Amino acid sequence: MTDVQKQKKECPIVQDLLPLYVDDVVSPETREWIQRHLQTCPDCQRSLDQLKKPDPVILQKDMVLESDLRKTGRQLRHRRFLMSLGAMVFLVLAVSAGVVWWNSTLLPADYISVAQSRTAEDGLKLQLESEPFSTGLFSLSTRFQNDSVCEIEAHGGRGLPDRVRDQSVVLPDTVREVLLNGEIIWQDGITVTPRCRQLYPYAGGYAGDVKQMQLARPGYPDSGITMEADTENPDHCAWTYVIDETRTIPETSLQEAAWLAMVLTPNLDKVTYRFDREEPLVFTRQALAETLGHKPDIESPADLQRIMNRILPAAG
């Protein structure tokens with residue numbers, strides 16, 4: 001068999017291997033054999049050159065795919081931009097709504113104090129002042145239940161720059177009671193404090209009531225104190241607190257607590273504190289009456305506030 005015949009016989013095998021040869025997935029020995037054949041076979045070399053040329057159909061598909069990818073990328077970027085813009089708008093609206101809500105909130109009466117009250121030429125003038133821990137005053141509005149009772153609504157918040165620390169309101173001189181957001185803050189010429197509002201519901205309580213006895217209880221752990229109530233004579237009751245510790249509370253503080261409990265409990269005549277290894281401290285209604293100069297009757301928050309200002313001025 002001549003070399004030419006041998007070469008022609010190899011051509012079909014080489015033609016079948018050329019795609020693998022182009023993709024570089026043949027063994028080194030096969031690659032070397034194909035390369036020797038290509039050196040002497042123009043037909044197989046042309047087939048190889050044809051394989052290396054880009055396929056127009058595939059090239060067109062790649063171009064379409066690349067165009068689609070660019071279009072999809074632009075659409076994704078556009079959507080991301082719209083989503084970011086929507087999120088920013090939502091955030092701005094949420095913050096704005098929060099600011100409006102924060103500043104339209106009714107402030108509890110405990111957040112506001114009557115800094116000054118006096119009779120003005122055109123009526124009663126009250127200066128309302130927000131406490132340091134509150135959010136500031138924003139607006140006040142008044143409504144009258146009748147000639148003697150006025151209701152004030154106070155809104156406040158932190159969000160707007162025009163909130164202020166205090167505002168004044170002028171009321172007719174016939175007003176005898178002022179409510180702030182539903183709670184009494186001024187009555188019969190005297191400012192009613194938050195503590196007075198807290199204690200007033202206990203006024204007129206019975207000495208045999210365990211809840212009432214908490215009024216004079218000293219601030220020690222529950223496990224170290226025993227409360228005893230002598231109610232044998234319902235009109236002249238006595239409380240005794242036995243504390244299994246040495247006294248660390250000033251006597252004046254215990255006196256204020258005992259006297260305040262007597263003010264709020266009409267049939268309570270005596271409060272005794274017995275501490276470990278100390279003489280008992282005894283406080284009586286008689287001593288309270290001598291200090292006040294009158295019987296401690298309570299018919300209104302203003303009555304309680306006046307007494308509180310006498311017996312515990314710093315805490316009133």
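Look up a bit, the structure's there.
Conventions adopted
Residues numbered from 1 in each chain as written. Predicted model: local features only at pLDDT ≥ 70, side-chain atom pairs only at ≥ 80, totals over all residues. Heavy atoms only, no water. Pairing = 2+ DSSP bridges. Helix = DSSP H or I, 4+ residues; strand = E, 2+ residues; numbered from the N terminus. Axes fitted to C-alpha atoms, helices over the stretch in contact; angles between N-to-C directions. Phe/Tyr/Trp six-rings, centres within 6.5 Å; stacked < 30°, edge-to-face > 60°. Buried < 20%, exposed > 50% of the residue type's maximum accessible area, 1.4 Å probe, protein only. Salt bridge = Lys/Arg side-chain N within 4 Å of Asp/Glu carboxyl O. Patch = residues over 30% accessible without salt bridge, like charges linked within 9 Å, V, L, I, M, F, W, Y side chains within 5 Å. Areas by Shrake-Rupley, 256 points an atom, 1.4 Å probe, with all protein chains shown as cover. Lys, Arg positive; Asp, Glu negative; His and termini not counted. Charge placed at Lys NZ, Arg CZ, Asp CG, Glu CD.

The next point concerns the sheet that holds strand 11 (residues 237-243). Within the open sheet, the four strands sit side by side as 10-11-12-13. Their pairing is mixed. Looking along the sheet, the strands with just one partner apiece sit at the ends: strand 10 (225-230) and strand 13 (281-284). The mean inter-strand angle of the sheet, taken between neighbouring strand axes irrespective of direction, is 15 degrees. Two elements, strand 12 (residues 268-275) and strand 13, share four bridges in a ladder whose sense is antiparallel. Within strand 13, the residue paired with Val271 across the bridge is Phe283.

The next subject is the packing of aromatic side chains. Following the criterion strictly, the structure yields two aromatic pairs and no others. Taking the centre distance of 5.3 Å and the plane angle of 20 degrees together, the rings of Tyr241 and Tyr273 count as stacked. Of this pair, Tyr241 sits in strand 11 while Tyr273 sits in strand 12; the two residues are 32 residues apart in sequence, bridging distant segments of the chain. The pair Tyr241 / Tyr273 is uniform in exposure class, with both members buried. An angle of 65 degrees between the planes, with centres 6.1 Å apart, marks the rings of Tyr273 and Phe283 as edge-to-face. One end of the pair, Tyr273, is in strand 12; the other, Phe283, is in strand 13, and 10 residues separate them in sequence. You can call Phe283 buried: its relative accessible area is 5%. Grouped by ring-pair contacts, the aromatic residues Tyr241, Tyr273 and Phe283 constitute a single cluster.

Our focus in this paragraph is the pattern of salt bridges. Counted under the stated rule, the structure contains 10 salt bridges. When the shortest N-O distance is used, the salt bridge between Asp43 and Arg46 registers 2.1 Å. Note that Asp43 and Arg46 are positioned in helix 3 (residues 42-52) at a spacing of three residues, about one turn of the helix. A salt bridge links Glu278 to Arg247; its shortest N-O distance comes to 3.5 Å. Residue Glu278 is found in the loop between strand 12 and strand 13, and its partner Arg247 is found in the loop between strand 11 and helix 7 (251-264); the two are separated by 31 residues along the sequence. Each of Asp110, Glu183 and Arg197 takes part in a single network of salt bridges with overlapping partners.

This paragraph deals with a nonpolar patch on the surface. A cluster of nonpolar side chains, namely Phe81, Leu82, Leu85 and Val89, defines an oily patch on the protein surface of about 370 Å² accessible area. Following the sequence through the fold, Leu85 ends up in helix 4 (residues 56-103). With a relative accessible area of 41%, Leu85 lands in the partly exposed category.

Looking now at the pairing of strand 11. Within strand 11, six of the seven residues are buried, leaving the element largely enclosed by the surrounding structure. With six bridges joining them, strand 10 and strand 11 adopt antiparallel strand pairing. Note on strand 11: the bridge partner recorded for Glu228 is Thr240. The turn joining strand 10 and strand 11, which pair antiparallel and follow one another in sequence, is formed by six residues. Of the pairings in the sheet, the one linking strand 11 to strand 12 comprises seven bridges and is parallel in character.

On to a positive patch on the surface. A grouping of Lys71, Arg74, Arg77 and Arg80 is seen on the molecular surface, where their side chains present a positively charged patch. The topology assignment puts Arg77 in helix 4. Using a relative accessible area of 49% as the deciding quantity, one classes Arg77 as partly exposed.

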